[in-house]
Amino acid sequence: MNVNQSAPPVPPFGQPQPVYPGYHQSGYGGQPGSTAPPTSYGAYNGPVPGYQQTPPPGVSRAPPSSEAPPASTAQAPCGQAAYGQFGQGDVQNGPSSTVQMQRFPGSQPFGSVPLAPVVSQPAVLQPFGPPPTSAQVTAQLAGMQISGAVAPALPPVGLGYALPPGSQMTGPPGPPPPMHSSQQPGYQLQQNGSFGPARGPQPNYGSPYPGASTFGSQPGPPQPLPPKRLDPDAIPSPIQVIEDDRNNRGSEPFVTGVRGQVPPLVTTNFLVKDQGNASPRYIRCTSYNIPCTSDMAKQAQVPLAAVIKPLARLPPEEASPYVVDHGESGPLRCNRCKAYMCPFMQFIEGGRRFQCCFCSCINDVPPQYFQHLDHTGKRVDAYDRPELSLGSYEFLATVDYCKNNKFPSPPAFIFMIDVSYNAIRSGLVRLLCEELKSLLDFLPREGGAEESAIRVGFVTYNKVLHFYNVKSSLAQPQMMVVSDVADMFVPLLDGFLVNVSESRAVITSLLDQIPEMFADTRETETVFAPVIQAGMEALKAAECAGKLFLFHTSLPIAEAPGKLKNRDDRKLINTDKEKTLFQPQTGAYQTLAKECVAQGCCVDLFLFPNQYVDVATLSVVPQLTGGSVYKYACFQVENDQERFLSDLRRDVQKVVGFDAVMRVRTSTGIRAVDFFGAFYMSNTTDVELAGLDGDKTVTVEFKHDDRLNEESGALLQCALLYTSCAGQRRLRIHNLALNCCTQLADLYRNCETDTLINYMAKFAYRGVLNSPVKTVRDTLITQCAQILACYRKNCASPSSAGQLILPECMKLLPVYLNCVLKSDVLQPGAEVTTDDRAYVRQLVTSMDVAETNVFFYPRLLPLTKSPIESATEPPAVRASEERLSNGDIYLLENGLNLFLWVGASVQQGVVQSLFSVSSFSQITSGLSVLPVLDNPLSKKVRGLIDSLRAQRSRYMKLIVVKQEDKLEMLFKHFLVEDKSLSGGASYVDFLCHMHKEIRQLLS
Ligand SMILES: [Zn+2]
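Rules used throughout
- Residues numbered from 1 in each chain as written.
- Predicted model: local features only at pLDDT ≥ 70, side-chain atom pairs only at ≥ 80, totals over all residues.
- Heavy atoms only, no water.
- Helix = DSSP H or I, 4+ residues; strand = E, 2+ residues; numbered from the N terminus.
- Contact = heavy atoms within 4.5 Å.
- Areas by Shrake-Rupley, 256 points an atom, 1.4 Å probe, with all protein chains shown as cover.
- Salt bridge = Lys/Arg side-chain N within 4 Å of Asp/Glu carboxyl O.
- Buried < 20%, exposed > 50% of the residue type's maximum accessible area, 1.4 Å probe, protein only.
- Expected span 1.5 Å × (residues − 1).
- Arc of directions from axis to C-beta.
- Pairing = 2+ DSSP bridges.
- Axes fitted to C-alpha atoms, helices over the stretch in contact; angles between N-to-C directions.
- Donors = N, O, S within 2.8 Å, 3.2 Å for Na, K, Ca; no water.
- Tetrahedral: all angles 85-135°; square planar, octahedral: opposite > 155°, others 65-115°.
- Polar contact = N/O pair within 3.5 Å; in protein donor to acceptor, adjacent residues only side chain to side chain.
- Right-handed = clockwise from strand over helix to strand, strands pointing away.
- Disulfide = S-S within 2.5 Å.

On to the overall build of the chain, then. Counting its regular elements, the chain contains 21 helices and 34 strands. Pairs at least 24 apart in sequence give 77% of the contacts found in the chain among residues at least 6 apart. Carbon and sulfur atoms make up 52% of the accessible area of the chain, which amounts to about 33600 Å² in all.

Okay, here's the thing in structure tokens:
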């Protein structure tokens, strides 16, 4: 986790854009235009605190945040593994990919459509690396040809598509074709008849394509040819793109000094050096080059959005942001727009004034901040001050930034445990109480503090609530029961929230007694809203922010506020009423959440349901307070304890910013218009977060409100005001400068598809609250087609309409978008429950780009192909059944699920080494733990599993699946390039469909 500590690096970021007519905001998350009263955070958005004092610019490093986790809890290394470089493939002048496809007349939009592919990649002109050379590749497949211009040095062109044996390369390598200013760097598609069936009489194919000519450029007479599927190897491969980026950009640090640089992919391990822009770990953009005008942006339809993770954890090699202390004068800000001092502010008049880079206002420099300028107009102390030289840093906040003009108290954690029959019977209560005894020693600390400043409290509940007095002076804990759940109050103040070390004996005694006290309970009914209410009231009474950890098992049907009924109804799927399954069944929880936010009360919910519990309603408060939801269906201690305890440990130890407000300021011409994530908004600009941890992201969409300027670019500044774990009020600032363009080609060269997909998924997942799911899917498809059609029309070289041409940076857009379209939320299979859908919907809302990337396109790793000695992760293969060999075993993970698939013909020695049984038939299907065996293969596989788990923010439970076993169906659900049982299209079919949509737009 991160939180403050040293100078960090920063990266570039992207852009936002148009919203589809149809759905806007949902009731969750931020709602521009909502009428709730503004929050009262002192001067945060108010007047600049006066500068009376002139303390020396105190720049200090924040003490290392203490999150030393217990050995059992590995901290995820920031989602990435190694660190690399940039250069090749840096897409400044991105090439495009071309897939020529021809559909047979009469074929279905989705389905097995025969195509004649021609894949080609243009040469790339890049800012980094040597000029590429290009080569023509023409591969003759059975009945079809693949050809393309290859730029060998770069993103392995042509290599992206594995050519089958017998492929031929023709044509000498040569210099890249000249670039046209308005076109993608060029490469000419071969327009002569060498492109496959439709191109005329060629040996090996002919065609019954009665409609072929419809597609233009198909001069040849129809000839008979059996329909062929598009070769999956001939279409853009996610694996290849990921590998290429790792190879090209994984070895050099990403230095953030240059405006508008596209960072390496989230799947590449790289180090970041902050030279003035925020690291991509904090901010990623859908594009790093924004169209200058809204007309251009509308034409391209590329959403301009930034995915911001303000408290992102950094790898150990990168330093946390410096903390700057300006003393009582507080941080220096623009008088007009309130933007904070940053490297883009322009000092003038010998350093006596500065011009705001966001609003152009001229401000006086306060005397204590004055410094001379050098001959370039730069302050001579620029490199001594983080706020003048770095993309990310923190300011200590003054009392003006505190609620009620009072410095905050340290936050508190309240553990609220369901002790109804189900919770006791499953063993949950005993397990949890035992774990808490040791876990309380690992509450978040900061600044090298010996112990955490966080106080703790305990509540148990079923239909009534039990509060505990655990004051250190007591010999035994005392219980106080509140049965009037309709009018919740906190029966004790003194002794409820305590310091762990002072009250350790009493707490231990309480945790020992709780499982015994309720061991014989017959109470099956629970309340829910009153529990949250009680926790929030307790924090209010203690005048502090904090977090509630709720451990809950069932639908709250007991008579109380927030009582729910079972309204699950699968018959609503695919009807106009399907949206109600995602909406809360009562408004009571939104009201409660609003109160929690005002108090800085963040709620984390651990659910242990045996049946429907209405996740859509129960997750409203966690969602609006910046909390997390965890779900363990049919929880059994023996099967699920490792997963639950791992999640719990990580969650409790997370560094969290409390009582936070985030504001994104932009330079003139664009502004933030829409927000996605786990937070609350009571006005159109301030994102309020009762709590914000290092895993949560806020996605912000931007729109034009004026013309942008190529020379000055566009600037974003994200300011997060929060209370640290120790109770210190701070401001974390992230700055990012983007380029602006007057040529669409520049936009398409600087997009980031993974971020685009993150945005589009969140947009769609919010859309299902208000629109039929089919409408949401169609909207996504239309937008994607518009994006690609605009590219084709304005940026690609003239070519046959039978060719699908994709911008190089977006060549994976179709495959990834298809994964979103067929995800459980948008196209559920029969096995997916309503609660699962609500749960996933809510999770995706705050995922970062790395998480959505692997969630929608899972990683599939063959285990016996690479040498056992190899310490590195084996290269992944595409998520399709066609890639599975029955003689191998594979790991598949998507950040939430982890499977080990065993082929039926896997060698007996492998079976013995991994499972300690003598044959495939003896392997237990559904196994969740591999035996610990002392042999290289066993060690390697278990090590790999550990490493995958460490990379993710939630523990992934292993499931062993045998080929042709009934569990295999579950596994196949994640082979996302294939057609899905729920009707989701295969990648090949979707690409054909997308091509058709594009052609319709172009015609
Ligand atoms: Zn300003």
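Within this structure, the stated rule accounts for 48 salt bridges. With a closest N to O distance of 2.9 Å, R313 and D695 form a salt bridge. Of this pair, R313 sits in the loop between β11 (305–308) and β12 (323–325) while D695 sits in the loop between β26 (687–693) and β27 (698–704), and the two are 382 residues apart along the sequence. Accessibility expressed as a relative area gives 7% for R313, which makes it buried. Judged by its relative accessible area of 9%, D695 falls in the buried class. K654 serves as the salt-bridge partner of D695, at 3.2 Å between the closest nitrogen and oxygen. In this pair, D695 sits in the loop between β26 and β27 while K654 sits in the loop between α11 (637–653) and β24 (656–666), placing the two residues 41 residues apart along the sequence. Each member of the pair D695 and K654 is classed as buried.

The next subject is helix α8 (residues 588–599). With twelve residues, α8 extends 17 Å from end C-alpha to end C-alpha; this agrees with the ideal 16 Å at 1.5 Å per step. When we look at burial in α8, the residues that qualify are Y589, L592, A593, C596, V597 and Q599. One face of α8 carries all of its buried residues, which in axial projection span an arc of 160°. As for α8, its buried residues are in contact with α7 (529–541), β22 (601–607), α9 (615–618), α10 (620–624), β24 and β26. Phi for G600, located one or two positions after α8, is positive at around 70°.

Where strands meet in a sheet, backbone hydrogen bonds hold them as pairs that are either parallel or antiparallel. The sheet built from seven strands is open, its strands ordered β20-β19-β18-β17-β21-β22-β23 with mixed pairing. Looking at the sheet topology across the chains shown, the edges are occupied by β20 (478–482) and β23 (629–631). This sheet shows a mean twist of 20° between the axes of neighbouring strands, independent of strand direction. Where strand β18 (residues 455–461) lies against strand β19 (residues 465–469), three bridges are found, and the strand directions are antiparallel. Within β19, the residue paired with Y461 across the bridge is L465.

Binding of the zinc ion to the protein goes through C334 (SG), C337 (SG), C356 (SG) and C359 (SG), at separations of 2.2 to 2.3 Å. Because the angles between the four donor atoms bound to the zinc ion fall within 102 to 115°, the donor set is best described as tetrahedral. Donor residues for the zinc ion, ordered by position in the chain, follow C-x2-C-x18-C-x2-C.

Strand order across the open sheet formed by four strands is β31-β32-β33-β34, with mixed pairing between neighbours. The open sheet has two free edges, formed respectively by β31 (859–862) and β34 (957–962), since each of these has just one partner strand. Across this sheet, the average inter-strand angle for adjacent strands is 20°, counted without regard to direction. Summarising the sheet, β31 and strand β32 (residues 889–893) pair through four bridges and their orientation is antiparallel. In the sheet register, R859 faces β32, and the bridge partner there is E893.

With that out of the way, let us pick up the side chain of E968. For E968, the location among the structural elements is in helix α20 (residues 968–972). At 2.8 Å, the side chain of E968 forms a polar contact with the backbone nitrogen of E964. Setting aside anything within four residues of it in sequence, one finds E968 in contact with W901, V961, K962 and Q963.

A word on α7. Over its 13 residues, α7 runs 18 Å from end to end, which matches the ideal 18 Å to within 8%, given 1.5 Å per residue. Residues A529, P530, V531, I532, A534, G535, M536, A538 and L539 constitute the buried set of α7. A positive phi of about 55° marks E543, the residue just after α7.

To continue, consider the pairing of β22. Taking burial as the measure, the seven residues of β22 include seven buried ones, the bulk of the element. Of the two faces of β22, the one holding C601, V603, L605 and L607 and the one holding C602, D604 and F606 are both buried throughout. Here strand β21 (residues 546–552) runs beside β22; their pairing, made up of seven bridges, is parallel. Bridging across to β22, H552 finds its partner in L607. Viewed along the sheet, the connection from β21 through α8 into β22 turns out right-handed.

Under the criterion given, the structure shown has zero disulfides. Cysteine C751 shares no disulfide, and the gap to the nearest cysteine sulfur, in C809, comes to 6.3 Å. Given the relative accessible area of 3%, C751 is considered buried.

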